[in-house]
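Understanding the architecture of this molecule
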Amino acid sequence: MIFLNNIEEKHKKYLVLGFFALLLIIGLSLYKDYGLSWDEPISHVNGQVSLSYVSKGDPELLSYSERYYGTIFEMPFAWAQQVFNITTPQKVFFLRHIGTFLLFVVGVFFFYLLCLKRFKSEWLALLGSTFLVLSPRIFADAFYNSKDIPVMVFFIVAIYTLERFLKDPSIKNVLWHSFATALIIATRIPGIFVLLLTAVMVTLHLVILPEVRIKWKKMLTLLGVYVIATVLLTILFWPFLWQHPLAHFGEAFADMSKFSRQLGMQVLYLGDFLVASKLPWHYIPTWILVTTPFLYLLLFFVGIGAVIKRFSRNFVDSFRQYWPDISVLGWLLGPLFAVIILHSVLYDGWRHLYFVYPSIIYLAMVGIEWIIEFAKRYTDRVKKVLRAGVGAIVVVQILVVLIFMIKSHPYQNVYFNFLAGGMEQARKNFDLDYWGLSFREGLEYIATHDSDKMIPVYFAGGSLDNTLILAPEVASRFEVLSQADIARAKYVLSNYRWQQYDQLPHQLGVFSVKVRGESILSVFKVR
């Protein structure tokens, strides 16, 4: 993308518009392809319960088992379902898929703006946005993960509004930052980290920069406005807090900090089943290392080195010019250290921390920026060779990732890089399709190849709601059995989570969903 430097300004705008138009077209073409993720049915109900409380005063929310989840992103789906009279489950979840993806596009756009503001380069901003989109697990989750993707998007927006506020302290900018922060907290409680990050960045500006220090009264006043506005907007966006906001927030914080419902969950990690509440400190770093495209990681470490080198030479001058890099480092390291130190309950890979992923891509762009600056020390010929080399490597990595995403569609969510030791080794060491998306394809295979009017099935490692994503006439043909009734099952479908039915006789298998040669779901005909 280095060729962008030689393109006229108006043509650059067309290229950027083309990028986002293409992204929208791709999303609109693919959103019906994905299966039903484990959490979608309950997230759908969460939105309905909250909307009922908001529109009718229904008190069910106050005693509802999932009342501690923020529903600012879930309620619009429930509202749209009512307004457009969407009654079939499949259409409900298709609506959720396209809606979640559209929010992801908003996040990519704000990430583009964030990078453009920092690097003053359209091509670096566009390359960063491309890396974010061509991150297989993030791209797949962008259709069905209405918990972690909205948090990631709102974090991007919050970091962007933070940087606007610090560059131009004003009531307007601080209120926009409050709005973005409240969206995060009203989606997931760890969003309160943005409050801390904002306070730290304001403090650093006051301590390090004399030109900011002389305006300390204004800065502290705006910081106070930010906190108050964030609190008020969080209450507004989170219906559960409308009554007894302090008490209810305390309950939600206590529940989410321990997450007792999943304390005993078994997690496959490095070949062993561990308890979710007792994972080793390296769980999250390892997942990041094996699921992020390798070049992105390499450039990320170059970027980290560049930041350390710059700030170790002259901290004050570097802070004046590159302080956004410090806020992004905080965005990444703060949550990582927090989950390690607090021994947070984690499972399903590292999806709970997907909101830090854009900071990794941002720092990868810092790495490319440093390589470009490094090349300037040499002759024009050497500069051209270095730039061409970096450009070629970037293009190759993009093509490798893109080919995987196309060939594995719609199962980009099981991507591992070569550090995992190949797909066969990854299958032994980590959970693969923990969302259960592949059950849809297994059920569609059975419906196509079995003429019985009613087909009893059992899902090993999957949600009982998997048929909801099927066309109504197909879903009605399945009788979904609980484990107590498994003896009546004609078919057993297993995504091998917790290695359930891993030892079923091979000859019983009639169908498999495979990615890179490894089965992520198998259908067994047991009678």
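Our subject is the structure that appears above.
None of the values given here were measured: they were computed from a predicted structure.

**Here's the deal with the pattern of salt bridges**
Scanning all chains against the criterion turns up 20 salt bridges. Measuring nitrogen to oxygen at the nearest pair gives 2.4 Å for the salt bridge that ties Arg497 to Asp348. Of the two residues, Arg497 sits in the loop between β5 (491-494) and β6 (509-515) while Asp348 sits in the loop between α15 (315-341) and α16 (357-375), which places them 149 residues apart along the sequence. Here the two residues Arg497 and Asp348 agree in accessibility, since each one is buried. As a salt-bridge pair, Asp450 and Lys490 come within 2.8 Å of each other at their nearest N and O atoms. One end of the pair, Asp450, is in the loop between α19 (439-449) and β3 (455-460); the other, Lys490, is in the loop between β4 (478-481) and β5, with 40 residues separating them in the sequence. Of the two residues, Asp450 and Lys490, neither departs from the other in class, the shared state being buried.

**What about the pairing of β5?**
Residues Tyr491 and Leu493 line one face of β5 and the alternating positions Val492 and Ser494 line the opposite face, and both faces are buried. Two strands pair when backbone bridges link them, and β3 and β5 are joined in this way by 4 bridges, in the parallel orientation. Within the sheet, the bridge partner assigned to Tyr458 lies in β5 and is Val492. Bridge count between β5 and strand β7 (residues 518-525): 4 bridges; the pairing is antiparallel. Directly across from Leu493, in β7, lies its bridge partner Val523.

Rules and cut-offs
Numbering of residues begins from 1 in every chain and follows the order in which that chain's sequence is written. For a predicted model such as this one, the threshold for reporting local features is a pLDDT of at least 70, and the threshold for listing and counting side-chain atom pairs is 80 or more; totals across whole chains, interfaces and linings nevertheless cover every residue. Heavy atoms throughout the structure, all of them, feed into the side-chain values; hydrogens and water do not. Salt bridge, as applied in this entry: a Lys or Arg side-chain nitrogen positioned within 4 Å of an Asp or Glu carboxyl oxygen. Counting from the N terminus, the helices are the DSSP runs of H or I reaching at least four residues and the strands are the DSSP runs of E reaching at least two. Think of it in three bands: residues with accessible area under 20% of the maximum for their type are buried, residues over 50% are exposed, and the middle band is partly exposed, with areas taken using a 1.4 Å probe on protein chains only. DSSP calls a pair of strands paired once it identifies at least 2 bridges connecting them.

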